[in-house]
Amino acid sequence: MNIIVCIKQVPETTEVRINPETNTLMREGVKSIINPFDMYAIEEAVRLKERFGGKVTVVTMGPPQADSALREAISMGADEGYLVCDRAFAGSDTWATSYTLAGAIKKLGTFDLIICGKQASDGDTAQVGPGISTHLNIPQVTYVKKVEEATDKSMRLERMLEEGYEIIETPLPALLTVVKEINEPRIPSLKGLMRAKSAKITMLTQKELELDPQQIGLCGSPTQVVKIFTPTPRVGGQVLKGEVADIAKQLVELIKDEVN
Amino acid sequence: MSISIIIEKCTGCTLCVKACPFDAIKIVNKKAVIDLHKCTLCGACRDACKFKAVLLEKTPAKCDLPNIKDYKGIWVFAEQKNGRVQSVAYELLGKAQELAKKLNTNVSPVRDNGAHKVADGCLRQPISNGVSAVLIGNKLEDQLDELIFCGADNIYLVEAPELANFQDEPYTNILVELVKKYKPEILLCGATNIGRSLISRVAINIKAGLTADCTGLDIDPDKKILMQTRPAFGGNIMATIISPNYRPQMATVRHKVFAPMAADKKRKGKVIKESFDPKLYFSRTKLLDIIEEIESTVNLSEADIIVSGGRGLGGPENFKLLEDLAHVLGAAVGSSRAAVDAGWIPYSHQVGQTGRTVGPKIYFACGISGQIQHLVGMQSSKIIVAINKDPEAPIFKVATYGIVGDLFQVVPALTQAFKIALRK
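Model, not experiment: these values are computed from the prediction.

## Digging into the interface of chain B and chain A
Part 1 of the argument: Across the contact, 93 residues belong to chain B and 77 residues belong to chain A.
Part 2 of the argument: The residue makeup of the side of chain B that touches chain A, split by class, is 49 nonpolar, 27 polar and 17 charged.
Part 3 of the argument: Across six bridges, the pairing between strand E11 (residues 164–171) of chain A and strand E17 (residues 286–292) of chain B is antiparallel. Each residue of the ladder has a partner; that of Gly164 of chain A, found in E17 of chain B, is Glu292 of chain B.

## Some points on the sheet that holds strand E9 (residues 140–150) of chain A
Part 1 of the argument: Taken together, ten strands build an open sheet; the order of strands is E13(A)-E7(A)-E6(A)-E1(A)-E8(A)-E12(A)-E9(A)-E10(A)-E11(A)-E17(B) and the sheet is mixed. Only two strands of the sheet have a single partner each, and these edge strands are strand E13 (201–204) of chain A together with E17 of chain B. With strand direction ignored, the average angle separating the axes of adjacent strands in the sheet is 30 degrees.
Part 2 of the argument: Summarising the sheet, E9 of chain A and strand E10 (residues 154–161) of chain A pair through five bridges and their orientation is antiparallel. Paired with Ala150 of chain A across the bridge in E10 of chain A is Met155 of chain A.

## Concerning the sheet that holds strand E14 (residues 237–242) of chain B
Part 1 of the argument: Across the sheet, which stays open at both edges, the four strands sit in the order E14(A)-E14(B)-E13(B)-E12(B) with antiparallel pairing between neighbours. In the strand order of this sheet, the two ends are held by strand E14 (224–229) of chain A together with strand E12 (216–219) of chain B, each with one partner. Between one strand and the next, the sheet's axes are offset by a mean angle of 25 degrees, whatever the strand orientation.
Part 2 of the argument: Bridge count for strand E13 (residues 226–232) of chain B against E14 of chain B is five bridges, and the pairing is antiparallel. Within E14 of chain B, the position partnered with Pro231 of chain B by the bridge is Met238 of chain B.

## Description of the nonpolar core
Part 1 of the argument: If you look at the biggest cluster of nonpolar residues, it comprises 150 residues, and the most contacted ones within it are Val5, Ile42 and Ala73 of chain A together with Leu93 of chain B.
Part 2 of the argument: A per-element tally of this core places helix H3 (residues 87–103) of chain B first, with nine residues.
Part 3 of the argument: Each of domain 1 (2–57) and domain 2 (68–108 + 124–281) of chain B contributes no fewer than three residues to this core.
Part 4 of the argument: Membership of the second largest hydrophobic core comes to 54 residues, among which are Ala331, Val333, Met378 and Ala386 of chain B.

## What to know about the packing of helix H4 (residues 128–136) of chain A against helix H6 (residues 193–206) of chain B
Part 1 of the argument: Interhelical geometry of H4 of chain A versus H6 of chain B gives an angle of 45 degrees and a closest axis separation of 8 Å. As the angle between them shows, H4 of chain A and H6 of chain B are arranged oblique. Crossing hand, H4 of chain A versus H6 of chain B: right-handed. Contacts between H4 of chain A and H6 of chain B involve Pro130, Gly131, Thr134 and His135 of chain A from the former and Ser197, Ser200, Arg201, Ile204 and Asn205 of chain B from the latter.

## Some details on H6 of chain B
Since the α-helix turns once every 3.6 residues, residues separated by three or four places project in the same direction.
Residue and element names in this part refer to chain B.
Part 1 of the argument: Here H6 is 14 residues long and its end C-alpha atoms lie 21 Å apart, about the 20 Å a rise of 1.5 Å per residue gives.
Part 2 of the argument: Counting buried positions over the 14 residues of H6 gives twelve, a clear majority of the element.
Part 3 of the argument: Among the residues of H6, Asn193, Ile194, Gly195, Arg196, Ser197, Leu198, Ile199, Ser200, Arg201, Val202, Ala203 and Ile204 are the ones counted as buried.
Part 4 of the argument: The first or second residue beyond H6 is Lys207, which carries a positive phi of 50 degrees.

Conventions and cut-offs
Residues numbered from 1 in each chain as written. Chains lettered and ligands numbered in written order. Predicted model: local features only at pLDDT ≥ 70, side-chain atom pairs only at ≥ 80, totals over all residues. Contact = placed C-beta atoms within 7 Å. Nonpolar A, V, L, I, M, F, W, Y, C, P; charged D, E, K, R; others polar. Pairing = 2+ DSSP bridges. Helix = DSSP H or I, 4+ residues; strand = E, 2+ residues; numbered from the N terminus. Axes fitted to C-alpha atoms, helices over the stretch in contact; angles between N-to-C directions. Core = buried A, V, L, I, M, F, W, Y, C linked by C-beta atoms within 7 Å. Buried ≥ 20, exposed ≤ 12 C-beta atoms within 10 Å, placed from the backbone. Domains from an automatic or database assignment. Parallel < 35°, antiparallel > 145°, perpendicular 65-115°, else oblique. Left-handed = near helix turned anticlockwise from the far one by under 90°. Expected span 1.5 Å × (residues − 1).

Next comes the structure, spelled out in structure tokens:
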């Protein structure tokens, strides 16, 4: 099974804090990591490869330093890494990003399956996965929490919804986005780490991809960010004091209008 | 479009470095240098620079743009499951009515009580100018009145047996065809699992701008365009986004961000039935089954009240305490990641960065310390009640009401007190 995994390098969001004095983002020491949801995508791809044979190719679009994310994926068992990187792609929104990644995937030849994390932790849009499948005109199954059955022609999947899940069968090739529940990503082996160190990462630029210049980067992006600001941080309120029964009565009085 | 630093003006003061949300600026030889790979041209550095040293040229790109003047009216995708329209659709209809007034495109008054006067007192515009719901499924007649009462001036209704349940491809095909035919100016959709899957495909197909998970929607009073505000980086920064050159302007919004308007049984609306070539109803993926989780306490997104527990519960059996309180309050049960990872409760209950983001009226955090990953998933709740024995727990920094104490005493006391107050 030929599997492509699309990943994104993100700042370790939880370490991004606001400096209360200057009201700006404090980023000193913020590490770059693979988007946590993409770890499940990599793991699932490697597991499918272990069952069916084949190859796992990881693709990312980003700055040159995203190279390290691809190597980490290789250390977990992926075979090849491609870095889609060009200044012409800078400023891409989800439309242009999914167009560009779909273009890169077309260049890589035939595939059976594309797996993405359900969303990236920095942008939280969940739009690029479905965007890629739409550009490639292949079926998609989002929020996959379990692969029930797989052959080289089709898969039966459990897709998470708000109040339960659906069982969906899809022909291949298809694109899946996966949630945390699907697996537990492995810790890279020493052998994997060695392999990742020496692995060759292939750079794909606009020159290789020859994408429509009107559809990439800023020009190809319908959305524009016009303002960035820090939200007023939520502050703690009242601490209720007294005996437990008394506290309970106080709280009932305070919030009972909201309960009905 | 481009960004550059005017070297002569730059003093190397680092204000722009601090302002940049994307870590794209460094000071090299006492001058700011922008890493264009990281830069999104958001303009935060230009706004921060006291020396006007950041040159940001947002000249319209030389792209072939659609004729945006043809697009009118605000649409809401009314997601239905089991033939029942989801609550987020009503919330969006209420917001859409508010936006329509600001856009001044809502010129089809549904009843003349003088509440809103029509410019020039005439109905020049076609009815497609108001707020419309798009409803796709099968046998949905009984849902139409409520949509109209809650803000729909029109309903575009597409029914067929094979459309009874959501599937990505047919629903995408239909929505794309409807948009092409009727050209709405704005298209809103709930940020549910279904909504996000569907609307992403639609936006790619029709080449439109789509902003996910908006927490604020407004109309720019001069340009009459949709201003879409959303959190990024786990809520650490907010961004306002526009799609000025493409239509429809598309956005998804989570449950509970906006309030529905009060149902008005005197409202009138028009139902426009559409059907398409059956080829468009074909789906390559096959929906084999829908498994509803038995617990009624699991739908966190739609819950007005959530009672959540964390590591402080000490074990799976103690979720019973929370269920008792939830039962009295008619609440859903949530949990922190710690409790899910420990195997005490299924993942579908997890609130936080790798679980669900929720914004109920009241959120009870019981034995949850309040790690940032949890806070980003619940800090938009209207009221947060925190119960923790550690007075230094970070959860108290965001709690509206804090109770420092043993949850094994406090939670049953709350259950009892609410039982009495609510006479249950």
